[in-house]
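Read off the chains here:
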Amino acid sequence: MGFNTDAIHAGYHPDSTFGAINPPIYASTTFAQNGLNELRGGFEYTRCGNPTIRVLEDTVAALESAAHCRAFSSGMAATDCFFRSVLTPGSHLVMGNDVYGGTFRLIDSVYQQWGVSYTVVDTSDTHAVAEAIQDNTALVWLETPTNPLLGISDVAGIAEHTQARGVILGVDNTFASPYLQKPLELGANVVLHSTTKYLGGHSDVVGGVVATNNPEIDEQLLFYQGGVGPIPSVFDCYLTIRGIKTLGVRMERHCDNAEAIARQLDQSPLVKQVLYPGLDSHPGHEVAARQMRRFGGMISARFHSEEAARAFCLGTRTICLAESLGGVESLVEHPASMTHQSANGSQLEVPRDLVRISIGIEDLEDLSVDIERALEAVAKA
């Protein structure tokens with residue numbers, strides 16, 4: 001089946017009782033059993049499994065070409081449970097110098113105290129990643145594109161090295177979505193999404209998923225899902241399922257708008273550098289063109305000063321100043337003082353002249369006018 005067909009139909013078929021086109025919201029904590037430990041359809045208690053949650057998991061698994069998928073209450077909960085499934089005290093991980101601030105905080109503040117060491121490298125340099133792998137390395141963790149500098153890593157190239165060394169390769173695919181990129185098909189072992197972003201798509205739900213073809217990792221994820229309990233609400237799962245149905249058409253519009261806005265910013269002398277993989281000037285453009293369908297809806301731009309970057313963020317009207325990304329509405333933020341402030345003073349510190357823009361699906365003309373308005377604010381700063 002094609003992507004859009006799977007986005008609409010995979011994971012659920014109209015039920016035989018009433019023929020509901022959309023999956024029901026099974027708002028039940030527990031399920032009646034036919035006898036002692038004789039489960040109906042494999043469900044006993046929602047913390048250990050629920051039909052609505054299962055639909056979301058099966059849908060994402062189909063879209064990511066995965067045999068298994070587990071849903072969690074947030075992207076960070078999904079990240080934590082995945083890390084717990086592959087990292088143990090004494091193990092080592094390799095991560096990029098541009099990972100999401102919350103991920104870095106988790107690794108640096110929690111896992112390091114647990115006895116896990118890490119090496120930070122520029123993951124756009126495949127050779128540097130290979131050299132960073134040690135005898136006790138258990139995981140190489142990639143974001144591609146990265147958050148917030150929009151760096152591109154060669155998933156297939158890095159996978160050759162991790163497979164040869166028996167190291168798990170995990171990819172946070174949130175910025176790309178499965179519509180634009182499928183890391184498992186490129187050789188990764190695990191793919192993760194914050195479903196809060198493009199999968200949900202409407203800024204009204206928080207969640208995360210982890211998909212894999214590795215049954216041992218999936219078994220660990222299932223244990224943490226039920227044993228620790230970071231499960232999503234069934235209503236949140238329903239909203240995410242509904243959002244996924246339009247993922248393909250939304251991503252096309254996100255990409256159309258982002259490509260145009262990136263060119264607009266790139267032409268302004270007020271902007272020092274535009275970071276967008278769709279521009280020929282981007283150092284990862286060729287790799288992105290090879291492993292992605294299109295170049296995504298995220299743009300970052302560096303200005304000539306922090307003052308100018310702040311003026312740009314405060315100068316928009318249609319584009320809302322807010323954290324998060326991937327919704328139908330456009331958002332702008334200053335990462336160094338918002339989403340990535342936990343990385344300040346570390347190897348992952350974000351440039352203070354950087355602005356991150358999540359381009360939505362509004363009319364391009366309105367977004368373009370708003371960008372010009374913000375640039376005028378920069379000129380006056």
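Rules used in this analysis
- Residues numbered from 1 in each chain as written.
- Predicted model: local features only at pLDDT ≥ 70, side-chain atom pairs only at ≥ 80, totals over all residues.
- Heavy atoms only, no water.
- Helix = DSSP H or I, 4+ residues; strand = E, 2+ residues; numbered from the N terminus.
- Rg over C-alpha atoms; globule rule 2.2 N^0.38 Å.
- Buried < 20%, exposed > 50% of the residue type's maximum accessible area, 1.4 Å probe, protein only.
- Contact = heavy atoms within 4.5 Å.
- Areas by Shrake-Rupley, 256 points an atom, 1.4 Å probe, with all protein chains shown as cover.
- Lys, Arg positive; Asp, Glu negative; His and termini not counted.
- Charge placed at Lys NZ, Arg CZ, Asp CG, Glu CD.
- Salt bridge = Lys/Arg side-chain N within 4 Å of Asp/Glu carboxyl O.
- Expected span 1.5 Å × (residues − 1).
- Pairing = 2+ DSSP bridges.

- Under an unreviewed UniProt entry, the chain has the name Cystathionine gamma-synthase and belongs to Corynebacterium argentoratense DSM 44202.

## So, the overall build of the chain
Link 1 in the chain: From N to C terminus, the chain includes 13 helices and 12 strands.
Link 2 in the chain: Since a compact globule built from 381 residues should have a radius of gyration of about 21 Å, the 21 Å found for the chain is in line with a globular shape.
Link 3 in the chain: In terms of overall dimensions, the chain has a C-alpha envelope of 75 × 50 × 35 Å along the principal axes.
Link 4 in the chain: Evaluated residue by residue, the chain yields a buried proportion of 57% over its 381 residues.
Link 5 in the chain: At a minimum sequence separation of 6, the contacts of the chain that also span at least 24 residues come to 72%.
Link 6 in the chain: Total accessible area on the chain stands at roughly 15,500 Å², and carbon and sulfur atoms take up 50% of it.
Link 7 in the chain: Averaging the positions of the 25 positive and the 44 negative side-chain charges in the chain gives two centres separated by 4 Å.

## Some details on the pattern of salt bridges
Link 1 in the chain: This model, assessed by the stated rule, comprises 14 salt bridges.
Link 2 in the chain: Residues Arg373 and Asp370 are paired through a salt bridge, measuring 2.4 Å at the closest nitrogen-oxygen approach. Residue Arg373 and its partner Asp370 are both found in helix H13 (residues 364-380); the two are separated by three residues, about one turn of the helix.
Link 3 in the chain: The network of salt bridges with common partners includes Glu252, Asp256, Glu259 and Arg294.

## What about helix H10 (residues 247-266)?
Link 1 in the chain: With 20 residues, H10 extends 28 Å between its outermost C-alpha atoms, agreeing within 8% with the 28 Å of an ideal straight helix rising 1.5 Å per residue.
Link 2 in the chain: Within H10, 14 of the 20 residues are buried, leaving the element largely enclosed by the surrounding structure.

## Here's the deal with the sheet that holds strand E11 (residues 331-333)
Link 1 in the chain: The strand order across the open sheet formed by five strands is E8-E9-E12-E11-E10, and the pairing between neighbours is mixed. Strands at the two margins of the open sheet, each flanked by one partner only, are strand E8 (271-275) and strand E10 (320-321).
Link 2 in the chain: Bridge count between E10 and E11: two bridges; the pairing is parallel. What sits directly across from Cys320, in E11, is Leu331.

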